Amino acid sequence: MTKTKTPPPADTAAQAVPPSYEAGLQELENLVAQMESGQLPLAQLLQTYQRGAFLLSHCRSQLQAVEAQIKVLEAGGLKPWGDVE
């Protein structure tokens, strides 16, 4: 008895993690420009929106992680930028 593999969900591509924060942000900006152009077919518009929503969430979570790390560093005695002499 052989098992048949089920194809991956359609949203797999929409959840591919970008290699860096900057790459994710650039891709998000490109997607927004495509959507604003009004030239995408409806099905592609939906896929683009889903990808954009994933990228937005991913970039926000990366920023929150960096902010948390900065707070830890500041609590350890780092001076704020304005106080550097």
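Residues numbered from 1 in each chain as written. Predicted model: local features only at pLDDT ≥ 70, side-chain atom pairs only at ≥ 80, totals over all residues. Heavy atoms only, no water.

Tallying secondary structure elements over the protein gives two helices and zero strands in all. For the protein, with 85 residues in total, the buried portion stands at 14%. The contacts of the protein with a sequence gap of at least 6 include a subset with a gap of at least 24, amounting to 73%. Looking at the protein as shown, the accessible area adds up to about 7,300 Å², and 60% of this sits on carbon and sulfur atoms. (Helix = DSSP H or I, 4+ residues; strand = E, 2+ residues; numbered from the N terminus. Buried < 20%, exposed > 50% of the residue type's maximum accessible area, 1.4 Å probe, protein only. Contact = heavy atoms within 4.5 Å. Areas by Shrake-Rupley, 256 points an atom, 1.4 Å probe, with all protein chains shown as cover.)

The next point concerns helix α2 (residues 42-75). Taking 1.5 Å of rise per residue, 34 residues should cover 50 Å, and α2 covers 49 Å from first to last C-alpha, within 8% of that figure. Of the positions making up α2, those classed as buried are Thr48, Arg51, Gly52, Leu55, His58 and Cys59. Turning to α2, the residues buried within the fold contact α1 (21-37). Just beyond α2, the residue with positive phi is glycine 77, at close to 110°. (Expected span 1.5 Å × (residues − 1).)

As enumerated under the stated definition, the model contains one salt bridge in all. For glutamate 27, the salt bridge identified is with arginine 51, shortest N-O distance 2.8 Å. Within this pair, whereas glutamate 27 is found in helix α1, its partner arginine 51 is found in helix α2, the two being separated by 24 residues in sequence. What makes glutamate 27 partly exposed here is its relative accessible area of 27%. (Salt bridge = Lys/Arg side-chain N within 4 Å of Asp/Glu carboxyl O.)

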